[in-house]
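An overview of the molecular structure
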Amino acid sequence: MAKYSVENEVAVIAVDNPPMNALSHHVRKSLLKYLKEAESDEKVTSIVLCGDGRTFPVGADIKEFHKSVSKLGPTILDIVDALEKSKKPTIAAIHGNALGGGLEIALGCHYRIAMTNSKVGLPEVKLGILPGAGGTQRLPRVIGLDNAMQWIAYGGHHSAGIGASLGLIDRVVPQGGNIREHAILFAKAAVGKSLGQRRLSNISVPDAAKVESLMAKHLKEVSKKSRGALAPIVCLQVIKSSALLSYQEGLESERQGMFTLLASSQSRAQIYSFFAERQVSKWSVPGVTNYQNAVPMKVKAVGVVGLGTMGRGIAICCLRAGKITYVLEMNTKAQTAGVKYIRGYIETMRKRKQINDQQSSMMNNALIPVDNYNGLKNVDLVIEAVFESMKIKKEIFKKLEKVCKPSAILASNTSTLNIDEMASVTKRPQKVAGMHFFAPAHIMMLLENIRGEKSSPETIATIMDLGKQMRKTTVLVGNCHGFVGNRMFAYYTAESSFLLEEGAYPKQVDDVLLDYGFAMGRFQVGDLSGTDIGYKIRRERGLTHKQQPAGTPERKRGDRRYSPLDDFLYEKGRYGLKARKGWYKYEGSRTPIPDPEVRKMIDDFRKRHNINPRHISPEETLQRMIFPLVNEGFNVLDEGIAANPWDIDMIFQHGYAWPRHTGGPMYYAYTIGLPQVLKVIEERWKLAGASEPHWKPSKMLTWLVEHHGNPDINDWIKLYKERKSQPNSNL
Ligand SMILES: CCCCCCCC/C=C\C=C\CC(=O)SCCNC(=O)CCNC(=O)[C@H](O)C(C)(C)COP(=O)(O)OP(=O)(O)OC[C@H]1O[C@@H](n2cnc3c(N)ncnc32)[C@H](O)[C@@H]1OP(=O)(O)O
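Residues numbered from 1 in each chain as written. Predicted model: local features only at pLDDT ≥ 70, side-chain atom pairs only at ≥ 80, totals over all residues. Heavy atoms only, no water.

Under an unreviewed UniProt entry, the name given to the chain is Peroxisomal bifunctional enzyme, and the organism recorded is Ciona intestinalis. The Subcellular location (unreviewed entry) comment attached to the chain in UniProt states, word for word, "Peroxisome". As stated in UniProt under Subunit (unreviewed entry), the record for the chain gives "Monomer." (UniProt positions renumbered as here; feature names shortened; annotations may be inferred.)

What follows is the structure, given as structure tokens:
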């Protein structure tokens, strides 16, 4: 709804639709009604539009998209038109955020004033759509084509100050000011002034002459940054119309673009992703606890054990979250290097204006290097981030148990190992949990938190809350080898090596993944993170070919298929980008170049094993990489390791750079259709057999297909759990 009042001849229309004042159908109706009322009231000389509560409207109601209600009039465009055509000056009074349709109605107003700490932007592209209420045509007219392309095709949020410097915001109200009072004064002063040039649809695009070169520049950038995504390209094409066509024609091009995007599977996937991101914070452990009833502990001081790559990144996350951060590294050289890195990073953030001088000195003061375990006696929570070895981790947990306060939570940054086994060496298993950060920890958005069998509700709530304070997409999962992400991902990597054995080369596989939308292929990623990492993990598990007793078949471990190609690569000193050679070679740049030496290694291997290489189609490549991962995703759901499919999808989007416009592996499977996915898995299972158990069709997937075909992704868990809980279910 909206509220209406008249103060000192100024009509004030305040959108009142908590929490974010989204422009839902009932709000649009009420806005238009009050606009008409203000227009016809002779005592009213000007009109202020604002938001009640937290913010100015943040856009269309995203829940309405893909539903018939979004088409019900009045549309946001009707409101924008009414504001612009008004004979009385209209003023948008912005506090909080003016985003999407919210900024579009502000663009319909003749003037815009904003609180200094407010943010403006057109982020629709992140939802796979475009600004559909004239934003693609008005914004370039006021901030220029180049800026508008940047704002709309990337969907960033911008400060009111930046908006003012570009002519979008007419006045910035300093902190502490009352936006409503300022707007009323501004509105009074605007009465009687000409509105002609204030109507943005009347003016022309200032840098229209540069349209072709700007198009080329931005198209090149978005194709690189958002590979495979439709929305940024359509946004640019539609913005181009603002430079070449009349306002009305441009609006028609915007309408067509919106239809195209709304009809695409990408917009559905991205809107799903928007809600999934928010949904994961509403965690629950069925029958035990959930985000509503568990109370997090207050965490003032955190300890980080180990100052390698992971430890450094984690320490930066803790400092950014305002924690006193004790970093324990007993090797003096490693400690000096680690602390230097962290302080250097703080300085970089300061120089980039991501933090101010005061925040930078607070972070530097909060960083406390220690060189023995006693130094951790005051921390509320400690995260160990040492090498992935159960033996070493258990020793560390025993030491932490002795020195840390009884109330302290002991967490491990393990990426694969059993949390309960670590908890078993302490007297406080209820205080033990996993906090799996992804490298580089201070950059990657994902935190995969692992609840142990005995982790208490308070412990779970605390690690979830800490993730939120670090501004990470924080997902709660259960305990098993590799948890959710690495457990599923293992099959993606395994299949990629099998594909090499059978006929593909690294670039061929990577190209298929790039076409799918990944920023990098599996082998490029391997080189970037270092082929030594995987090798050391396999060695820890006794899997590398050098560890096998004489006579062990090269392509088997126990009764399972195994590809030793990754081991051979490491043993040839091809550690990846850092060694300038891995799956590819690198000649003075980070560009991967296919290397005849790798090709020969693969060819020799095939000859030795009498493998007749065959052509593997892009379709087969993609299915072999992604479907085992999906199949394992259903096992993960069946076992309750992940609570919902969107938990898995968020792990892959934010931890493994899965292309957002496909939604994630589980949503992608839903888009393809579960029956089709199962059919391929079943065919492959027949071919591969017991030595490749990752092709064994998941019980949950099979049951869903048999009984429901391709049910809505939101219903998977409900349908399956209902059936599973029945006494005769056999599931
Ligand atoms: C063929 C048919 C034709 C159809 C014609 C269509 C014509 C279209 C015309 C115009 C179209 C305009 C397009 C848009 O405007 S799309 C929306 C653009 N805006 C956004 O994308 C902003 C989305 N929101 C955010 O980014 C954040 O919420 C933010 C504003 C930055 C605040 O962040 P934070 O403080 O972290 O709060 P939360 O994100 O947790 O949000 C709190 C709850 O509010 C819900 N929410 C937020 N925004 C919306 C929204 N626009 N619509 C619906 N709901 C929204 C969010 O889900 C949270 O809900 P919950 O607490 O239940 O999780």
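The structure having been displayed, the exposition proceeds.
1. Focus on the overall build of the chain
Helix and strand counts for the chain come out as 29 helices and 23 strands. Counting only C-alpha atoms, the chain reaches 95 × 65 × 60 Å along its principal axes. By sequence separation, contacts in the chain at least 24 residues apart represent 72% of the contacts at least 6 residues apart. Surface exposure of the chain reaches about 31400 Å², of which carbon and sulfur atoms provide 53%. Distance from the positive charge centre (100 side chains) to the negative charge centre (73 side chains) of the chain: 4 Å. (Helix = DSSP H or I, 4+ residues; strand = E, 2+ residues; numbered from the N terminus. Contact = heavy atoms within 4.5 Å. Areas by Shrake-Rupley, 256 points an atom, 1.4 Å probe, with all protein chains shown as cover. Lys, Arg positive; Asp, Glu negative; His and termini not counted. Charge placed at Lys NZ, Arg CZ, Asp CG, Glu CD.)

2. Some thoughts on the sheet that holds strand S15 (residues 381-384)
Read across the sheet, eight strands follow the order S14-S13-S12-S15-S16-S17-S18-S19 without closing on themselves; strand pairing throughout is mixed. A single partner strand is all that each edge strand has here, and the edge strands are strand S14 (367-370) and strand S19 (473-477). Neighbour to neighbour, the strand axes of the sheet diverge by 25° on average, direction disregarded. With five bridges connecting them, strand S12 (residues 301-305) and strand S13 (residues 324-328) associate as parallel partners. In the sheet register, Ala 301 faces S13, and the bridge partner there is Ile 324. Contacts from helix H13 (residues 332-351) reach S13 and S14, with the element oriented near 175° to S14. (Pairing = 2+ DSSP bridges. Axes fitted to C-alpha atoms, helices over the stretch in contact; angles between N-to-C directions.)

3. Quick notes on the site of the ligand
Close to the ligand lie 31 residues; Val 58, Ala 60, Gly 101, Arg 278 and Lys 282 are nearest. Separating an oxygen atom of the ligand from a backbone N or O atom of Gly 101 is a distance of 2.8 Å. Contacts to the ligand include Arg 278, whose side-chain N or O atom sits 2.6 Å from an oxygen atom. If the ligand stood free it would expose 1200 Å²; the protein chains cover 77% of that surface. Of all the secondary structure elements, the ones that give two or more residues to the shell around the ligand are strand S5 (97-99), helix H3 (101-108), helix H10 (247-263) and helix H11 (265-279). (Near = heavy atom within 4 Å. Polar contact = N/O pair within 3.5 Å; in protein donor to acceptor, adjacent residues only side chain to side chain.)

4. Focus on helix H29 (residues 716-724)
Regarding H29, the residues found buried are Trp 716, Ile 717, Leu 719 and Tyr 720. Viewed along the axis of H29, the buried residues span an arc of 165°, placing them on a single side of the element. Buried residues along H29 sit in contact with helix H24 (618-638), helix H25 (645-655), helix H26 (665-672), helix H27 (674-688) and helix H28 (699-708). (Buried < 20%, exposed > 50% of the residue type's maximum accessible area, 1.4 Å probe, protein only. Arc of directions from axis to C-beta.)

5. Some remarks on the state of the cysteines
By the definition in use, this model includes zero disulfides. The closest cysteine sulfur to the non-disulfide-bonded Cys 318 is located on Cys 317, 6.6 Å from its own sulfur. (Disulfide = S-S within 2.5 Å.)

6. Concerning the UniProt feature "domain: 3-hydroxyacyl-CoA dehydrogenase NAD binding" (unreviewed entry) in the chain
According to UniProt, the positions carrying the feature "domain: 3-hydroxyacyl-CoA dehydrogenase NAD binding" (unreviewed entry) are residues 302-479. What you have in residues 302-479 is 42% helix and 21% strand, and the ends, taken at the C-alpha atoms, are 23 Å apart.

7. Overview of the domain arrangement of the chain
By domain assignment, the chain separates into domain 1 (2-263), domain 2 (301-482), domain 3 (504-608) and domain 4 (618-725). Relative to domain 2, the C-alpha centre of domain 1 lies at a distance of 43 Å. (Domains from an automatic or database assignment.)

8. Focus: the packing of helix H5 (residues 145-154) against helix H9 (residues 231-244)
One can describe the packing of H5 onto H9 by two numbers: an axis separation of 9 Å at closest approach and a directional angle of 155°. As the angle between them shows, H5 and H9 are arranged roughly antiparallel. Pair H5 / H9 crosses with right-handed handedness. Packed against H5, whose contacting residues are Leu 145, Ala 148, Met 149, Ile 152 and Ala 153, the element H9 presents Pro 232, Cys 235, Leu 236, Ile 239, Ser 242 and Ala 243 at the interface. Class assignment of the residues belonging to the contact of H5 with H9 gives a composition of 10 nonpolar, one polar and no charged. (Parallel < 35°, antiparallel > 145°, perpendicular 65-115°, else oblique. Left-handed = near helix turned anticlockwise from the far one by under 90°. Nonpolar A, V, L, I, M, F, W, Y, C, P; charged D, E, K, R; others polar.)

9. Regarding the environment of Val 327
Locating Val 327 in the fold gives a position in strand S13. Note: C-alpha distance between Val 327 and Asn 17 (310 residues apart in sequence) is 46 Å.

10. Looking at the sheet that holds strand S8 (residues 158-159)
One open sheet accounts for three strands, arranged S5-S7-S8; its pairing is mixed. With partners counted over all chains shown, the strands left at the sheet margins are S5 and S8, one partner each. Pairing between S5 and strand S7 (residues 119-121): three bridges, direction parallel. Bridging from a neighbouring strand, Asn 97 pairs with Lys 119 of S7.

11. Some words on the UniProt feature "domain: 3-hydroxyacyl-CoA dehydrogenase C-terminal" (unreviewed entry) in the chain
UniProt tags residues 482-586 and 623-707 as "domain: 3-hydroxyacyl-CoA dehydrogenase C-terminal" (unreviewed entry). Regarding residues 482-586, the helix share stands at 51% and the strand share at 6%, and the terminal C-alpha atoms are separated by 31 Å. Summarising residues 623-707: 69% helix, 0% strand, and an end-to-end C-alpha distance of 24 Å.

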